[in-house]
Amino acid sequence: MLEIGTKAPAFSLPDQNGDMHTLEDYKGKKVILYFYPKDSTAGCTKQACGFAELYPEFTEKDAVILGVSKDSVKSHKNFETKYQLPFTLLSDPELSCIQAYDVWKEKKNYGKVSMGVVRTTYLIDEDGIIIKAFNKVKAAENPAQMLEALYG
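Residues numbered from 1 in each chain as written. Predicted model: local features only at pLDDT ≥ 70, side-chain atom pairs only at ≥ 80, totals over all residues. Heavy atoms only, no water.

## Quick word on the state of the cysteines
In step 1: Following the criterion strictly, the structure yields zero disulfides and no others.
In step 2: Among the cysteines around Cys-44, which has no disulfide bond, Cys-49 carries the closest sulfur, lying 11 Å off.
In step 3: Among the cysteines around Cys-97, which has no disulfide bond, Cys-44 carries the closest sulfur, lying 16 Å off. (Disulfide = S-S within 2.5 Å.)

Structure representation (structure tokens):
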């Protein structure tokens, strides 16, 4: 997990429309960078829909929501369309951003060990500094938790 008070690693990733995004694009805004395991799975859908529901409140606080997983651009597009997600989903199949943010970990599922994304959310300030970090977040509670962090 990255340390609070450190500079957030730069990234350049395509979104669900194939457009490139960098952290630098969001200078001057707060960024909620959330990492999730897989599009259209139960927990990830709950988390994304929670962010979608609270989206107007995030925009009021001049905050941007960026969801990151290793799913393809096409998978992200389907996920966005199916659930009418109003925010950006970034595709990281090479794991460059996922590893830079230290969220690619060994996971145990029903006794089986595999590597995967550990659900993690970072709050990055207007200058690109990590000001909050939450790991092993609960999908359904994370959007409200992040809104609270913005007001904190």
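## Brief notes about the sheet that holds strand E3 (residues 30–35)
Either a parallel or an antiparallel arrangement is found when strands of a sheet pair, and the pairing is made through backbone hydrogen bonds.
In step 1: Pairing is mixed in the open sheet, where five strands are placed in the order E5-E4-E3-E8-E9. One side of each edge strand has no neighbouring strand; the edge strands of this open sheet are strand E5 (88–91) and strand E9 (130–135). Direction aside, the axes of adjacent strands within the sheet are offset by 20° on average.
In step 2: Two strands pair when backbone bridges link them, and E3 and strand E4 (residues 63–69) are joined in this way by six bridges, in the parallel orientation. In the sheet register, Leu-33 faces E4, and the bridge partner there is Leu-66. (Pairing = 2+ DSSP bridges. Helix = DSSP H or I, 4+ residues; strand = E, 2+ residues; numbered from the N terminus. Axes fitted to C-alpha atoms, helices over the stretch in contact; angles between N-to-C directions.)

## Details of the side chain of Asp-39
In step 1: Note on placement: Asp-39 falls in the loop between E3 and helix H1 (42–60).
In step 2: Buried charge Asp-39 goes without a salt bridge, the closest partner of opposite sign being Lys-38 at 7.1 Å.
In step 3: Beyond its immediate stretch of four places on either side in the chain, Asp-39 contacts Ser-69, Asp-71, Ser-75, His-76 and Phe-79. (Buried < 20%, exposed > 50% of the residue type's maximum accessible area, 1.4 Å probe, protein only. Lys, Arg positive; Asp, Glu negative; His and termini not counted. Salt bridge = Lys/Arg side-chain N within 4 Å of Asp/Glu carboxyl O. Contact = heavy atoms within 4.5 Å.)

## Examining unusual backbone geometry
In step 1: At Ser-40, a position not held by glycine, the phi torsion is positive, near 60°.
In step 2: Checked against the element boundaries, Ser-40 lands in the loop between E3 and H1.
In step 3: If you check the backbone angles, Tyr-110 has positive phi at about 50° while not being a glycine.
In step 4: Secondary-structure assignment places Tyr-110 in the loop between strand E6 (104–109) and strand E7 (112–117).
In step 5: Its relative accessible area of 84% is what places Tyr-110 among the exposed residues.

## Observations concerning helix H2 (residues 73–83)
In step 1: Taken residue by residue, H2 has His-76, Phe-79 and Glu-80 as its buried positions. Projected down its long axis, H2 carries its buried residues within an arc of 95°, all on one side. In H2, the exposed positions that point more than 90 degrees away from the buried face belong to Lys-74, Thr-81 and Lys-82.
In step 2: Looking at the packing, one finds that the buried side of H2 touches H1, E4 and E5.
In step 3: Positive phi shows up at Gln-84, right after H2, with a value of about 50°. (Arc of directions from axis to C-beta.)

## Section: the packing of aromatic side chains
In step 1: Tallied over the entire structure, the rule returns 10 aromatic pairs.
In step 2: Ring centres of Tyr-101 and Tyr-122 lie 5.4 Å apart, and the angle between their planes is 55°; on these two criteria the pair is classed as tilted. Taken together, the residues Tyr-101 in the loop between helix H3 (96–100) and E6 and Tyr-122 in strand E8 (residues 120–124) connect sequence positions 21 residues apart. For the residue pair Tyr-101 and Tyr-122, the accessibility class agrees, reading buried in each case.
In step 3: A connected cluster of aromatic rings, assembled from ring pairs, spans Tyr-34, Tyr-36, Phe-51, Phe-58, Phe-79, Tyr-83 and Phe-87. (Phe/Tyr/Trp six-rings, centres within 6.5 Å; stacked < 30°, edge-to-face > 60°.)

## As for the pattern of salt bridges
In step 1: According to the stated counting rule, one finds five salt bridges in the structure shown.
In step 2: Two residues, Asp-62 and Lys-29, come together in a salt bridge whose shortest N-O distance is 2.8 Å. Here Asp-62, found in the loop between H1 and E4, pairs with Lys-29, found in the loop between strand E2 (20–22) and E3; they are 33 residues apart in sequence, far enough to count as distant.
In step 3: Residue Asp-62 is classed as partly exposed on the basis of its relative accessible area, which comes to 37%.
In step 4: Using a relative accessible area of 32% as the deciding quantity, one classes Lys-29 as partly exposed.

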